[in-house]
Amino acid sequence: FFQKTLTAVKTWFTLFGWSKGHNPISIPHSLRRDVCIVQLTVSQEKNFKRKLDKDKGFYEMLLHLNGQPIPGIAASQSLPRDPVQRMFQLHWQHSELLSFLKSQGAYLSHVMPEFLLAPEDYKIWTEVNTGLRKGSMRSSGKLSGRRIFVLEDSTFETISKRAWTDVLLQIYKVFVLPRVSSHTVPDPSSLESLQNMPGIKSEPLCSNIYSRYERTVLIWLNKHYEKNRKIVWKDSERGGIPPMRWIVNFDRDLLDGLVLAAQIAAYCPYLVRRSF
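Residues numbered from 1 in each chain as written. Predicted model: local features only at pLDDT ≥ 70, side-chain atom pairs only at ≥ 80, totals over all residues. Heavy atoms only, no water.

S.K.: Please set out the pattern of salt bridges residue by residue, giving values where relevant.
M.R.: For the structure shown, the criterion picks out five salt bridges. D121 is paired through a salt bridge with R86; the nearest N and O atoms lie 2.8 Å apart. Taken together, the residues D121 in helix α6 (residues 119–129) and R86 in helix α5 (residues 83–103) connect sequence positions 35 residues apart. What makes R86 buried here is its relative accessible area of 17%. One salt bridge in this structure joins R245 and D256, with 2.6 Å as the shortest N-O distance. (Salt bridge = Lys/Arg side-chain N within 4 Å of Asp/Glu carboxyl O. Helix = DSSP H or I, 4+ residues; strand = E, 2+ residues; numbered from the N terminus. Buried < 20%, exposed > 50% of the residue type's maximum accessible area, 1.4 Å probe, protein only.)

S.K.: Any chance you could break down helix α1 (residues 2–16) for me, citing the residues and the numbers?
M.R.: Between its terminal C-alpha atoms α1 stretches 21 Å, which fits the 21 Å expected from 15 residues at 1.5 Å a residue. For α1, the complete set of buried residues consists of L6, V9, F13 and T14. The buried residues of α1 occupy one face: seen down the axis, they fall within an arc of 125 degrees. Where α1 is buried, its residues meet α4 (58–66) and α8 (153–176). (Expected span 1.5 Å × (residues − 1). Arc of directions from axis to C-beta. Contact = heavy atoms within 4.5 Å.)

S.K.: So what's going on with the side chain of E226? Residues and values would help.
M.R.: Take E226: it is sitting in helix α9 (residues 212–232). Within the structure, the side chain of E226 is placed 3.0 Å from the side chain of R229, a separation counted as a polar contact. (Polar contact = N/O pair within 3.5 Å; in protein donor to acceptor, adjacent residues only side chain to side chain.)

S.K.: Give me the lowdown on helix α10 (residues 258–267), citing residues and values where you can.
M.R.: Those residues of α10 that fall on the buried side of the exposure criterion are V259, A261, A262, Q263 and A265. Residues of α10 that are buried make contact with α9 and α11 (271–275).

S.K.: So, the packing of α4 against α5: which residues are in play, and what are the values?
M.R.: Relative to each other, α4 and α5 sit at 15 degrees, their axes nearing to 13 Å. Taken as axis vectors, α4 and α5 run roughly parallel relative to one another. Considering only the axes of α4 and α5, their crossing is left-handed. Each of F58, Y59, L62 and N66 in α4 lies in contact with α5, whose residues at this interface are Q93, L97 and F100. In the contact of α4 with α5, the residues fall into five nonpolar, two polar and no charged. (Axes fitted to C-alpha atoms, helices over the stretch in contact; angles between N-to-C directions. Parallel < 35°, antiparallel > 145°, perpendicular 65-115°, else oblique. Left-handed = near helix turned anticlockwise from the far one by under 90°. Nonpolar A, V, L, I, M, F, W, Y, C, P; charged D, E, K, R; others polar.)

S.K.: Give me the packing of aromatic side chains: which residues, what numbers.
M.R.: Applying the stated criterion across every chain, the model contains 11 aromatic pairs. Between F58 and W164, the aromatic rings sit 5.4 Å apart at their centres with planes inclined by 85 degrees, giving edge-to-face as the arrangement. Residue F58 is found in helix α4, and its partner W164 is found in helix α8; the two are separated by 106 residues along the sequence. Both residues of the pair, F58 and W164, count as buried. Ring plane angle 20 degrees and centroid distance 5.9 Å describe the contact between Y122 and W125, whose orientation is recorded as stacked. Here Y122 and its partner W125 are both found in helix α6, three residues apart, which amounts to about one turn of the helix. Here Y122 and W125 have matching classes, each one buried. An aromatic cluster of at least three residues, connected via ring pairs, comprises W12, F13, F16 and Y172. (Phe/Tyr/Trp six-rings, centres within 6.5 Å; stacked < 30°, edge-to-face > 60°.)

S.K.: Go over the environment of L169 with me, naming the residues and quoting the values.
M.R.: The residue L169 is located in helix α8 in this model. In sequence terms L169 and K10 are 159 residues apart; their C-alpha atoms lie 10.0 Å from each other. Contacts of L169, omitting those with residues within four sequence positions, involve T5 and V9.

S.K.: Could you give an account of the environment of S236, naming the residues involved and the relevant values?
M.R.: Here S236 shows up in the loop between α9 and α10. C-alpha separation for the pair S236 and F276, spaced 40 residues apart in sequence, amounts to 8.9 Å.

S.K.: So what's going on with the nonpolar core? Residues and values would help.
M.R.: The tendency in soluble globular proteins is for nonpolar side chains to be buried side by side. By size, the foremost hydrophobic cluster in this structure holds 44 residues, and its most contacted members are F58, M61, L62, L101, L168 and I171. Those elements that provide at least two residues to this core are α1, α2 (29–37), α4, α5, α6 and α8. Ranked by the residues each element gives to this core, the list is headed by α8, at nine residues. Membership of the second largest hydrophobic core comes to nine residues, among which are L221, I247, L254 and A262. (Core = buried A, V, L, I, M, F, W, Y, C linked by side-chain atoms within 4.5 Å.)

Structural data, given as structure tokens:
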């Protein structure tokens, strides 16, 4: 399940995350690398084999999707040469990123800034916080009094991949999903067959699971499924017309593909006879 989720996230951001065309990404490797390389000075860039297009950096992606930069973080700033200071700046940067996303409505309380670091920077972070390496304690876990997680290399990679995946999912949730407009979804009560089905309200406080925009998508799914199920499968020889369904979540209610097929049929009716 997580691998399929990661693949879907990677595909969407590769195709649509940047303003100037496709930008293939890997999670978490290219994200951790791009966050660092995009901010290196000219003298430091010569030490890296890979040259990064300034329009393909992680914060350029956020600027494209959000329309405004993260306060306090400039894509052109340079990183310190000292490894410890470099780690502290990246840790602070990730802290600001997470705080900014949370302020926009993202659910990321389980993601720590150090999980977004590259393995070599995470190792320095653990050494500084456990006293194995001397360094300034600003921005460290000891200052905040929270628990320090010292993870094995393989465990850290797993946690980092999950953390970056969740960050991208929440970026999609708070910056892309709000583009969904309720004006494009007719009132489902206009369908006679839906009048006896419990409604889905799109008001902000009606659900502690789905946002207003997600519930708008659920209304859209219900409308097209109920409208098209009798059209798409009216001549079906394998079970006949599917029964009425109240679509209230994006997991179980979409598993068999019928709801998605009904949505596609609404916009591409020529696929009904050929594919559905």
